[in-house]
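If you want the building blocks of each chain, they are given just below.
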Amino acid sequence: MPLKNSLILLLTATIWGIAFVAQSEGGDAVGPFTFNATRNIIGSLVLIPVIFLLNKINPQNSSAVPAASSRSNASSQTQNSVGKNATAVPSGNIFTRNKTLILGGIACGICLCLASNFQQLGIQYTSVGKAGFLTACYIIIVPILGLFMKKRCSPFIWVAVVMALIGLYLLCITDGFSIGKGDILVLICAFLFSLHILVIDHFSPKVDGVKMSCIQFLVCGILTAIPAIVLEHPQLSAFHGALGAILYAGVMSCGVAYTLQIVGQKNMNPTVASLILSLESCISVLAGWIILGQKLSHREIIGCVIMFGAIILAQLPQKEAA
């Protein structure tokens with residue numbers, strides 16, 4: 001597994017972890033649906049000039065790169081022959097790739113819309129720590145779902161998953177554990193985020209990641225805007241108090257981080273990807289300690305150490321195999 005992909009996903013988790021404060025403040029100011037709809041639409045708009053810039057720098061990017069990346073496990077001779085065939089019949093290949101790109105963007109957008117909104121609803125009825133732990137349960141759901149898709153994991157990765165769950169529990173659950181209405185909603189969110197990770201794993205090697213991310217945010221923003229308008233009746237005046245939070249969540253958490261997730265997950269084991277992304281919970285606690293001066297208990301420190309150990313363990317088989 002390329003170290004570059006792991007570092008990209010670690011950066012993604014870092015941005016999401018630091019963005020927690022922005023998400024909390026923004027959701028309280030304008031309502032959860034309005035906040036999610038606005039941040040996703042901003043994320044989509046931010047990526048439009050990026051796509052044009054990338055196409056200017058590399059005009060062949062929209063055709064050559066996806067074709068090559070979708071065959072990353074083939075030999076170099078096979079890749080060269082495929083490239084020649086692609087130039088010989090451009091129209092058919094372009095149509096097929098665009099169809100796959102649009103389908104992937106819509107599928108990712110629907111999963112992201114459902115997952116993020118179930119999370120926002122669940123947080124209203126449960127504690128933030130519990131919500132963080134239950135959301136990160138996708139680290140165990142992803143490999144289980146992956147078994148049905150013939151994606152096997154080494155014993156080291158299964159051990160790493162269990163270690164990460166223990167670390168998350170120590171980090172997030174401080175006042176005992178029980179299941180309520182909000183917890184069930186957040187568990188549904190974890191299942192949907194697992195589907196989101198697997199959908200990205202399926203489509204990201206076949207299409208341009210930035211373009212698929214742009215479509216994903218547009219779909220998610222439009223779908224979320226429906227309950228926002230019907231249920232929350234957003235007013236422009238409410239946005240003034242949450243402008244900074246919405247811009248950070250839209251530009252960094254959506255436009256940058258989710259795009260990095262799609263790029264970083266290319267040709268990567270989805271279970272290992274989910275483990276690295278789960279560091280979001282750990283980083284949010286560390287950010288509160290470093291930036292806001294919040295105190296860390298011994299229990300939380302042990303949880304962070306166990307989680308980082310799990311991520312390192314998950315990397316070992318891939319490095320040795322390489």
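As shown above, the structure is provided for reference.
Report on the accompanying structure. (Residues numbered from 1 in each chain as written. Predicted model: local features only at pLDDT ≥ 70, side-chain atom pairs only at ≥ 80, totals over all residues. Heavy atoms only, no water.)

## Some details on the nonpolar core
Applied cut-off: Only buried residues count toward a nonpolar core, which is a set of Ala, Val, Leu, Ile, Met, Phe, Trp, Tyr and Cys residues joined through side-chain atoms within 4.5 Å. The buried label applies to any residue whose accessible area, calculated with a 1.4 Å probe on protein chains only, is under 20% of its type's maximum; exposed applies above 50%, and partly exposed to all values in between. Put simply, DSSP H or I for four residues or longer makes a helix, DSSP E for two residues or longer makes a strand, and each gets a number counted from the N terminus.
Formed by 57 residues in total, the largest nonpolar core has its most connected members in Tyr-138, Phe-193, Tyr-258, Leu-275 and Leu-279. With 7 residues, the top contributor of residues to this core is helix α10 (residues 181–203). If you look at the next biggest cluster of nonpolar residues, it comprises 9 residues, including Val-199, Phe-203, Val-207 and Ile-262.

## Regarding the state of the cysteines
Put simply, the rule is: Disulfides are defined as cysteine sulfur pairs within 2.5 Å.
Counted by the stated rule, this structure contains 0 disulfides. Here Cys-113 is not disulfide-linked; the sulfur of Cys-220 is the nearest cysteine sulfur, at 4.7 Å. Judged by its relative accessible area of 8%, Cys-113 is buried. Residue Cys-220 is classed as buried on the basis of its relative accessible area of 0%.

## Here's the deal with empty space enclosed by the protein
To keep it simple, the criterion reads: Definitions used throughout: a 1 Å grid over protein atoms alone; a cavity as a set of points that fits a 1.4 Å probe which cannot get out; a pocket as an open set with protein on both sides within 12 Å along at least five of seven lines; a lining residue as one with an atom within 4 Å of a point. Grid points are joined across faces, edges and corners, and a volume is the space filled by probe spheres set on the points. Classes in brief: Ala, Val, Leu, Ile, Met, Phe, Trp, Tyr, Cys and Pro nonpolar; Asp, Glu, Lys and Arg charged; the others, Gly included, polar.
What the rule picks out here adds up to 1 cavity of 30 Å³ or more. If you trace the largest cavity, you find it lined by Arg-39, Asn-40, Leu-112, Ser-116 and Tyr-258. For the lining of the largest cavity, the secondary-structure elements that each account for two or more residues are α3 (32–57) and α6 (90–123). Among the residues forming the lining of the largest cavity, the class breakdown is 2 nonpolar, 2 polar and 1 charged.

Such coordinate-based values are descriptive only and should not be taken to indicate function.
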